[in-house]
Amino acid sequence: MSKPSISLSKTGKKPSAPDRRKWFEIFAVFITGALKYILMDWLELRVFYIVSACLFWMIYILKRYQTDKQILQDWGFHKSGFKKTFLFGIPLAFLIIPGIILSQTNSSPLTWNLIPVLALYPFWGLIQQFLMISIIAGNLRSISSLKLKKNQVIIFVSFLFAMAHYPYWPLMVFTFAMEVVFIIAWLRWRNLLALGLLHGWLGGLFLYLVLERNLWNELWSIF
């Protein structure tokens, strides 16, 4: 007598191997986000957390590439569509201007340590966008048992990204709007490199000019 099968999806079928991997990737991103609150926000181990997260996901990217040569293209690690994606995201810069006005504070003078922030932050921005868009948004769109609509994925993932910046409400509003634009751009041109660059530059300027936060000093605050 055969044993009854266990239903794990809306269709009554077990998830396929690719779908199981996609769920695992989403779960790994949520763990990465949870560790951010512990290591970065609570213990203030910013350098340790950022470096560890980058190394972990870089290794994972390389491992996946060894078994699937197409995966980098699917995730958006290519030059095609870079210009269109970059230009599509540029209007986000105008959100910084009303942010400065609404903050009702005098902007701090530009200092030298804004330069390394704008130079290095895009790489960390690239990793973040890879996790939020290529992994979460991309997987949610492609998991066969979910059948989520594009707008549902855009709003849900943008909300998650905004919550990752709690409790800084101006930053949460900015990151939500930014992620909506970024996901739309990625779904059109699937270029992750431009999004990482935009994330680093726009995010760094917003934090510096609107919230008056010096990321370079925050990064090394433990010392």
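Residues numbered from 1 in each chain as written. Predicted model: local features only at pLDDT ≥ 70, side-chain atom pairs only at ≥ 80, totals over all residues. Heavy atoms only, no water.

## Describing the packing of helix H8 (residues 169-189) against helix H9 (residues 192-209)
Under the convention used in this document: Lines fitted to C-alpha atoms define the axes, with helix axes restricted to the stretch in contact, and inter-axis angles between N-to-C directions lie between 0 and 180 degrees. A run of DSSP states H or I qualifies as a helix once it reaches four residues; a run of E qualifies as a strand once it reaches two. Both are numbered from the N-terminal end. Working definition: roughly parallel below 35 degrees, roughly antiparallel above 145 degrees, roughly perpendicular at 65 to 115 degrees, and oblique for all remaining angles. Here a crossing is taken to be left-handed if its near helix is turned anticlockwise relative to the far helix by less than a right angle, and right-handed if that turn runs clockwise. Whether two residues touch is decided by their heavy atoms; if any such pair falls within 4.5 Å, the residues are in contact. For this classification, Asp, Glu, Lys and Arg are treated as charged, while Ala, Val, Leu, Ile, Met, Phe, Trp, Tyr, Cys and Pro are nonpolar and the rest, including Gly, are polar.
Contact geometry for H8 and H9: axes closest at 11 Å, N-to-C directions at 165°. Taken together, the axes of H8 and H9 are roughly antiparallel relative to one another. Seen along the crossing, H8 lies across H9 with a hand that is right-handed. Side by side, H8 and H9 meet where Pro-170, Leu-171, Phe-174, Met-178, Phe-182, Ala-185 and Trp-186 of the first sit next to Leu-192, Leu-195, Leu-198, His-199, Leu-202, Gly-203, Phe-206 and Leu-207 of the second. In terms of residue class, the contact of H8 with H9 is built from 13 nonpolar, two polar and no charged.

## Some words on helix H4 (residues 82-89)
Stated precisely, the cut-off is as follows: Partly exposed residues are those whose accessible area sits between 20% and 50% of the maximum for their type, while under 20% is buried and over 50% is exposed, using a 1.4 Å probe and protein chains only. The arc in question is the one spanned by the directions pointing from the helix axis to the C-beta atoms.
Listing the buried residues of H4 in full gives Thr-85, Phe-86 and Gly-89. The buried residues of H4 all sit within an arc of 95° when viewed along its axis, so they share a single face. The exposed residues of H4 that point more than 90 degrees off its buried face are Lys-83, Lys-84 and Leu-87. As for H4, its buried residues are in contact with H8 and H9.

## Overview of the packing of aromatic side chains
Selection criterion: Centre distance within 6.5 Å is the pairing criterion for rings of Phe, Tyr and Trp, where only the six-membered ring of Trp is used; planes under 30 degrees apart are then read as stacked, over 60 as edge-to-face, and the remainder as tilted. Sitting over a ring, as applied to charges here, requires NZ of Lys or CZ of Arg to be within 6 Å of the ring centre and within 35 degrees of the ring normal.
One pass over the structure, following the stated rule, counts 13 aromatic pairs. Here the aromatic rings of Trp-57 and Tyr-60 are separated by 5.5 Å at their centres, their planes lie at 80°, and the arrangement is edge-to-face. With a gap of three residues between them, Trp-57 and Tyr-60 both fall in helix H2 (residues 46-67), about one helical turn apart. For the residue pair Trp-57 and Tyr-60, the accessibility class agrees, reading buried in each case. Following the ring pairs from residue to residue traces out a cluster consisting of Phe-56, Trp-57, Tyr-60, Trp-75, Phe-77 and Phe-130. Positioned above the aromatic ring of Tyr-65, the side-chain terminus of Lys-69 is 4.4 Å from the ring centre. It is Arg-213 that lies over the ring of Tyr-168; its NZ or CZ is 4.7 Å from the centre.

## Quick notes on the pattern of salt bridges
Worth spelling out the cut-off: Salt bridges are counted wherever a side-chain nitrogen of Lys or Arg sits within 4 Å of a carboxyl oxygen of Asp or Glu.
Evaluated as defined, the whole model comprises two salt bridges. The residue Glu-25 makes a salt bridge to Arg-64 at a minimum N-O spacing of 2.6 Å. Linking Glu-25 in helix H1 (residues 17-42) with Arg-64 in helix H2, this pair joins segments that are 39 residues apart in sequence. As far as the burial class goes, Glu-25 and Arg-64 line up, both buried. For the salt bridge of Asp-41 with Lys-36, the shortest nitrogen-to-oxygen distance reads 2.9 Å. The class for Lys-36 is buried, based on a relative accessible area of 15%.

## A word on the packing of helix H6 (residues 114-142) against H9
For the pair H6 and H9, interaxial distance at closest approach is 6 Å and the crossing angle is 125°. Between H6 and H9, the angle falls in the class oblique. Of the two elements, H6 crosses H9, and the hand of that crossing is right-handed. Residue composition of the contact of H6 with H9, by class: 15 nonpolar, nine polar and no charged.

## A short note on H9
The criterion, for reference: The span expected for a helix works out to 1.5 Å for each residue beyond the first. Under the rule applied, a polar contact is a pair of N or O atoms within 3.5 Å (in protein, one hydrogen donor and one hydrogen acceptor; residues adjacent in sequence only if both atoms are side-chain atoms).
Its 18 residues place the ends of H9 25 Å apart at the C-alpha level, agreeing with the 26 Å of an ideal helix rising 1.5 Å per residue. In terms of burial, H9 is largely enclosed, as 14 of its 18 residues are buried. Its side-chain oxygen 3.2 Å from the backbone nitrogen of Leu-193, Asn-191 forms the N-cap of H9.

## Focus: the confidence of the model for the protein
Selection criterion: Residue-level confidence of the predictor is what pLDDT reports, using numbers from 0 through 100.
Averaged over all residues, the pLDDT of the protein is 86; the fraction at 70 or higher stands at 86%. The model gives residues 1-12 a pLDDT under 50, and that stretch makes eight contacts with residues more than four places away or in other chains.

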